[in-house]
Amino acid sequence: MKIVANTDTASSTPSSADAIALNDRALNYGDGVFTTMCVSQGKVELLTFHLARLNHDAKALAISLDMTALRQAIDVYVSALTESLEHPSIKRVMKVHVSSGEGGRGYARDSQAPAIVRFSTHTYPAHYSELAVSGLTLINAKTPLAIQPLLGGIKHMNRLEQVLVKREVVEANADDALVFDTQGHLIEASAGNVFFQTDTGWHTPKVNNCGVNGVVRQCLLSTRGKNSVKESLTNADVIGDNALNVYEGEYTLADIANAKAMVITNALMGVMPVNKVVLNDGKTSDELAFSASHEGAKRLAKLVLDKIQEDHANSY
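Residues numbered from 1 in each chain as written. Predicted model: local features only at pLDDT ≥ 70, side-chain atom pairs only at ≥ 80, totals over all residues. Heavy atoms only, no water.

Undergrad: Which parts of the structure should I look at to understand a nonpolar patch on the surface?
TA: Residues Ile20, Leu22 and Leu27 make up a contiguous nonpolar surface patch of about 340 Å² in total accessible area. Assignment of secondary structure puts Leu27 in helix H1 (residues 25-29). Residue Leu27 is classed as exposed on the basis of its relative accessible area of 52%. (Patch = residues over 30% accessible without salt bridge, like charges linked within 9 Å, V, L, I, M, F, W, Y side chains within 5 Å. Areas by Shrake-Rupley, 256 points an atom, 1.4 Å probe, with all protein chains shown as cover. Salt bridge = Lys/Arg side-chain N within 4 Å of Asp/Glu carboxyl O. Helix = DSSP H or I, 4+ residues; strand = E, 2+ residues; numbered from the N terminus. Buried < 20%, exposed > 50% of the residue type's maximum accessible area, 1.4 Å probe, protein only.)

Undergrad: Help me out: how do you make sense of the packing of helix H2 (residues 47-60) against helix H3 (residues 67-84) in this one?
TA: A pair of packed helices can be characterised by two numbers: the angle between their axes and the separation between those axes. Two elements in contact, H2 and H3, have axes separated by 11 Å at closest approach and are oriented at 140 degrees. Taken together, H2 and H3 sit at an angle that is classed as oblique. Along this stretch, H2 crosses H3, giving a crossing that reads as right-handed. Contacts between H2 and H3 pair Leu47, Leu51, Leu54 and Asn55 from the former with Met67, Leu70, Arg71, Ile74 and Asp75 from the latter. Taken together, the residues of the contact of H2 with H3 sort by class into 6 nonpolar, 1 polar and 2 charged. (Axes fitted to C-alpha atoms, helices over the stretch in contact; angles between N-to-C directions. Parallel < 35°, antiparallel > 145°, perpendicular 65-115°, else oblique. Left-handed = near helix turned anticlockwise from the far one by under 90°. Contact = heavy atoms within 4.5 Å. Nonpolar A, V, L, I, M, F, W, Y, C, P; charged D, E, K, R; others polar.)

Undergrad: How do you make sense of the environment of Ser134 when you look at a structure like this?
TA: Relative to the elements of secondary structure, Ser134 occurs in helix H4 (residues 128-134). Judged by its relative accessible area of 40%, Ser134 falls in the partly exposed class. For the pair Ser134 and Asn275, spaced 141 residues apart in sequence, the C-alpha to C-alpha distance is 7.0 Å. Leaving out residues up to four positions away in the same chain, Ser134 has contacts with Asn275 and Ala292.

Undergrad: Any chance you could explain the side chain of Thr204 here in plain terms?
TA: Within the fold, Thr204 resides in strand S10 (residues 201-205). Classification of Thr204 as buried rests on a relative accessible area of 0%. Within the structure, the side chain of Thr204 is placed 2.7 Å from the backbone oxygen of Val194, a separation counted as a polar contact. Not counting residues within four places of it along the chain, the set of residues in contact with Thr204 comprises Val194, Phe195, Arg217, Leu221, Tyr247, Glu248, Gly249 and Tyr251. (Polar contact = N/O pair within 3.5 Å; in protein donor to acceptor, adjacent residues only side chain to side chain.)

Undergrad: Honestly, the pairing of S10 in this entry has me stumped. Any pointers?
TA: In regular strands, side chains alternate between the two faces of the sheet. Among the 5 residues that make up S10, 5 are buried, leaving the element largely enclosed by the rest of the structure. One ladder, built from 3 bridges, connects strand S9 (residues 193-198) with S10; its direction is antiparallel. Looking at the pairing, Thr198 lines up with Gly201 of S10. Here S9 folds back onto S10, and the loop between the two strands holds 2 residues. Note: S10 against strand S11 (residues 246-249), 4 bridges, orientation parallel. Among the inter-strand pairings, Trp202 is bridged to a residue of S11, identified as Val246. (Pairing = 2+ DSSP bridges.)

Undergrad: Quick question: what am I supposed to make of the packing of aromatic side chains here?
TA: For any pair of aromatic rings, the description rests on two quantities: the centre-to-centre distance and the angle between the ring planes. According to the stated counting rule, one finds 4 aromatic pairs in the structure shown. When the ring of Tyr77 is compared with that of Phe119, the centres are 5.2 Å apart and the planes differ by 65 degrees; the resulting orientation is edge-to-face. Taken together, the residues span a long stretch of sequence, with Tyr77 in helix H3 and Phe119 in strand S5 (residues 116-123) at a distance of 42 residues. Of the residues examined, Tyr77 reaches a relative accessible area of 10% and is grouped as buried. Judged by relative accessible area, Phe119 falls into the buried class, the value being 0%. Here Tyr124 and Tyr128 contribute two aromatic rings whose centre-to-centre distance is 5.7 Å and whose plane-to-plane angle is 90 degrees, an arrangement assigned as edge-to-face. Tyr128 gets classed as buried once you look at its relative accessible area, which sits at 13%. When the ring centre of Phe34 is taken as reference, the NZ or CZ atom of Lys95 above it lies at 4.8 Å. (Phe/Tyr/Trp six-rings, centres within 6.5 Å; stacked < 30°, edge-to-face > 60°. Lys NZ or Arg CZ within 6 Å of the ring centre and 35° of its normal.)

Following this line, the structure appears as structure tokens:
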């Protein structure tokens, strides 16, 4: 494994070490995985979940990683990044990009080529604080996700479907989209996972056949059945008798028609409330409206914040 840890997208004059070889397999075939992390107060939020996913996803694609060395490199990089900031409390985005390496004959890899890990930093999206108050406006994407069980849940580098979905989002002047698979099952948003609340609790689609198993999604699902958070998950919601249980399942557009609340989750936005979903089948248009200040959504967000603090205590 080779680590290139001096990449900084804030620089307009990248060094030669930043250069990506023309035979890099991530560049040519999308043969790699990645994760996008939020750096706050000199620490990576949910680092344990990010590392576990990188390890899982790399193994799924038969990419060999030294996780101990990777963790150490991330710590050094984040420390240097924090020291370079005028205001260390400002959040930054860090991306870990893992290529299976360079060379090989056509699609076949060079068995001797090591994986290449690159780090990059980016500005934290300033508009997220506004969206946390107003809520997201979503559309239902026309672009479906292909079903491929071997890649289900993996955050691999083949993101063309998400590029197509994001084009729909931009054209509709929306914030994101609900994305379905070719069989009509709800899977995720273009850049996050979906949770919606009904009378029986919170629900999130399975990502066994396509989609990404996001770290915040994993964080929320990991709280199920644990004594430390059981009370938070099973107490009655203030709206009524609805319990904050979290379920995975297969859902269609019809299943969300009577949802009480909806959120989108990812490592940068955390738990972001949805204000409305604009539904358009090309002939008719309708809307599903939600409260951006829904108490159930707030409690999901608090669960994640508590988990971040717990992860910091155990990881640093």
